[in-house]
Amino acid sequence: MDNAGLRAAAAGLFPGGVNSPVRSFRSVGGDPVPIVSGQGPFVFDAGGSRYIDYIAAFGPLILGHAPAPVVEAIRRTAGDGTAFGALTPGEVDLGARIAAATGLERIRFVNSGTEATMTAIRLARAATGRDLVVKFDGCYHGHSDGLLVKAGSGVATLGLSDSAGVPAAIAGLTAVLPYNDPAALEAWFVAHPGDTAAVIVESIAGNMGLVEPTPAFLDALQRTPRAHGALLIADEVITGFRLRYGLSDMLPAADLACLGKIIGGGLPVGALGGRRELMELLAPIGPVYQAGTLSGNPLVMAAGSAMLGAIADGQAHDRAAALAGHLQNGIETALRRARVPGAVVRRGSMLTLFFRDGAPFDYASARESDLSAFSRFHRAMLDRGVMLPPSQFETWFVSAAHSEAEIDATVLAAGDALREVASR
Ligand SMILES: Cc1ncc(COP(=O)(O)O)c(C=O)c1O
């Protein structure tokens, strides 16, 4: 089936023709691109077109597509059976690698980042005997009911859900504060002493585009909740093992860390971890129930172990970050030449080009970006064989499989695309 045939067939099967909304390309006014294969830095659509890929499965693929050690581990493991509903050596191997790299004393594997954050919050509520949770406007922690919430303004408020189907009673247990605003965090705890179980935050915000935390915000995150008896949950689903081998190190005082993406080598995974006494509140030792038929699945564990084995020396991180730096420089030059207002925010191998003057510092400022310019840019890049995440509010991921040739080609395409944006 060609691209159009697959799109049409999918539209008759899946709501919006996709199984996860951002893949629909609706936010850039496009159509889903059916991908049939990936190799290194490239993906190929059903029409045989090749794209330089910066979606990278939204984060897991730090070694690019189909890296040999990961593919080989999956093949080898599959022949021995794909699921047992029992403890397996693969869990012990990946768990030990993660524990050694992060210092997390106890870990639980789940099947997605959503499950990891959902469980971390349940654990925090049980540990503190409190119900309220604080999150930050523009941070995404998966799609569990209580986390699909953001504030309509910069004022601290108990949330209204972003999604239909979330009961007000549940959304009302989540407070949403502006990102990078230590005073708002302090004010929240002063106004609600003794009610807040946890503060959850992306160590670097990657879901409003890449927005960096200020040192003052990071400092407040590590002091303020603790001072008021609440836990800090570091959502490292994107950043864990992406910025360095281990946790990002931005929130060393976090009580719980959530992981996903890279630790599964591109297969479905999530994990949470923390101090032993906290984690042992989980069943079967403690009273907090959590379970999963396919949690710790042998294929996922093998893929994750192969991935971590291949990146443990940090060389992939260094290479991907250096390439991302070249991409940043190239796009900044292209922006100046085309006289298009824009800012490239980068941390390691993650970056976002915002169509606004200056880097944003929170979701409100990120939303000031020119979304129609982004959509035109996205389309123009796709036409030139570059696959960017289909939203202004996503992060681009550079992998160690990219080479200078792909970065140069991307910068060239960006120059053309920005001239096209400027000419409208
Ligand atoms: C920071 C963060 N947390 C949690 C999640 C949810 O992970 P999953 O999509 O595996 O449920 C995501 C997904 O992109 C994420 O970016």
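Quick note: structure is the one above.
These numbers come from a predicted model, not from an experiment.

Parameters at a glance
- Residues numbered from 1 in each chain as written.
- Predicted model: local features only at pLDDT ≥ 70, side-chain atom pairs only at ≥ 80, totals over all residues.
- Heavy atoms only, no water.
- Axes fitted to C-alpha atoms, helices over the stretch in contact; angles between N-to-C directions.
- Helix = DSSP H or I, 4+ residues; strand = E, 2+ residues; numbered from the N terminus.
- Parallel < 35°, antiparallel > 145°, perpendicular 65-115°, else oblique.
- Left-handed = near helix turned anticlockwise from the far one by under 90°.
- Contact = heavy atoms within 4.5 Å.
- Nonpolar A, V, L, I, M, F, W, Y, C, P; charged D, E, K, R; others polar.
- Near = heavy atom within 4 Å.
- Polar contact = N/O pair within 3.5 Å; in protein donor to acceptor, adjacent residues only side chain to side chain.
- Areas by Shrake-Rupley, 256 points an atom, 1.4 Å probe, with all protein chains shown as cover.
- Disulfide = S-S within 2.5 Å.
- Buried < 20%, exposed > 50% of the residue type's maximum accessible area, 1.4 Å probe, protein only.
- Pairing = 2+ DSSP bridges.
- Expected span 1.5 Å × (residues − 1).
- Salt bridge = Lys/Arg side-chain N within 4 Å of Asp/Glu carboxyl O.

Participant: What's the story with the packing of helix H12 (residues 371–383) against helix H13 (residues 404–422) in this structure? I'm lost.
Facilitator: Geometrically, a packed helix pair is captured by the angle between its two axes and the distance between the axes. It is at 9 Å that the axes of H12 and H13 come closest, and there the two elements cross at 135°. As far as their axial angle goes, H13 and H12 are oblique. When you trace H12 past H13, the crossing you get is right-handed. Listed contacts from H13 to Ala373, Arg376, Phe377, Ala380 and Met381 of H12 are Thr410, Ala413, Ala414, Ala417, Leu418, Glu420 and Val421. Its residues assigned to classes, the contact of H12 with H13 comprises nine nonpolar, one polar and two charged.

Participant: Please explain the site of the ligand as it appears in this structure.
Facilitator: Taken together, Ser112, Gly113, Thr114, Tyr140, His141, Gly142, Glu202, Asn207, Asp235, Val237, Ile238 and Lys261 make up all the residues around the ligand. One nitrogen or oxygen atom from the main chain of glycine 113 is found 2.8 Å from an oxygen atom belonging to the ligand. Relative to its unbound accessible surface of 390 Å², the ligand loses 82% to contact with the protein. Tallied by class, the residues present in the shell around the ligand amount to three nonpolar, six polar and three charged.

Participant: Looking at this model, I keep getting lost on the state of the cysteines. Mind explaining?
Facilitator: When the sulfur atoms of two cysteines share a covalent bond, that bond is a disulfide. For the structure shown, the criterion picks out zero disulfides. Cysteine 139 forms no disulfide, and the closest cysteine sulfur to it belongs to cysteine 258, at a distance of 13 Å. Looking at cysteine 258, the relative accessible area reads 0%, which means it is buried.

Participant: What should I look at first to understand the sheet that holds strand E2 (residues 42–45) in this one?
Facilitator: Hydrogen bonds along the backbone pair up the strands of a sheet, which may run parallel or antiparallel. Spatially, the four strands line up as an open sheet ordered E1-E2-E3-E16, and their pairing is mixed. Strands with a single pairing partner mark the edges of an open sheet, and in this sheet they are strand E1 (35–39) and strand E16 (386–387). Looking at chain direction, strand E3 (residues 50–53) and E16 are connected through two bridges and run parallel. Note that in E16 the partner of isoleucine 52 across the bridge is valine 386.

Participant: Any chance you could explain helix H4 (residues 113–128) here in plain terms?
Facilitator: Note that an α-helix has 3.6 residues per turn; residues three or four places apart therefore point the same way. Taking 1.5 Å of rise per residue, 16 residues should cover 22 Å, and H4 covers 23 Å from first to last C-alpha, within 8% of that figure. Inspection of H4 places Gly113, Thr114, Glu115, Ala116, Thr117, Thr119, Ala120, Ile121, Leu123 and Ala124 among the buried residues, and these make up the whole buried set. Residue glycine 129 follows H4 closely and has a positive phi angle near 70°.

Participant: Just checking my understanding: could you explain the environment of lysine 150 for this structure?
Facilitator: Assignment of secondary structure puts lysine 150 in strand E6 (residues 149–150). Sequence separation between lysine 150 and threonine 174 is 24 residues; the distance between their C-alpha atoms is 8.5 Å.

Participant: Would you take a moment to explain unusual backbone geometry for this structure?
Facilitator: Negative phi is the rule for most residues except glycine; trans is the rule for most peptide bonds. The residue after alanine 283, namely proline 284, is reached through a cis peptide bond having omega 15°. You can see proline 284 is positioned in the loop between helix H8 (276–279) and helix H9 (298–311). We note that aspartate 249 has phi near 75°; this positive angle belongs to a residue other than glycine. Inspection of the secondary structure puts aspartate 249 in the loop between strand E11 (231–235) and strand E12 (256–260). The class of aspartate 249 is partly exposed, set by a relative accessible area of 49%.

Participant: Help me understand the packing of helix H6 (residues 182–191) against helix H7 (residues 215–227), please; the structure alone is not making it clear to me.
Facilitator: Interhelical geometry of H6 versus H7 gives an angle of 15° and a closest axis separation of 9 Å. One way to sum up the angle between H6 and H7 is to call them roughly parallel. Of the two possible hands of crossing, H6 and H7 adopt the one that is right-handed. Contacts from Pro182, Leu185, Glu186 and Phe189 of H6 reach H7 at Ala216, Phe217, Ala220, Leu221, Thr224 and Pro225.

Participant: I'm lost on the pattern of salt bridges in this one. Help?
Facilitator: Any two side chains of opposite charge can pair, on the condition that their charged atoms come close. According to the stated counting rule, one finds 14 salt bridges in the structure shown. Ionic pairing is found between arginine 384 and glutamate 420, a salt bridge with its closest N-O pair at 2.9 Å. Remark: glutamate 420 occurs in helix H13 and arginine 384 occurs in the loop between H12 and E16; sequence separation between them is 36 residues. Take arginine 384: its relative accessible area is 33%, and that puts it in the partly exposed class. We classify glutamate 420 as partly exposed; its relative accessible area is 37%. Across the pair aspartate 416 and arginine 419 runs a salt bridge whose closest N-O atoms are separated by 2.6 Å. Linking aspartate 416 with arginine 419, this pair stays in helix H13, spanning three residues, or about one helical turn.

Just distances and angles here, no functional claims.
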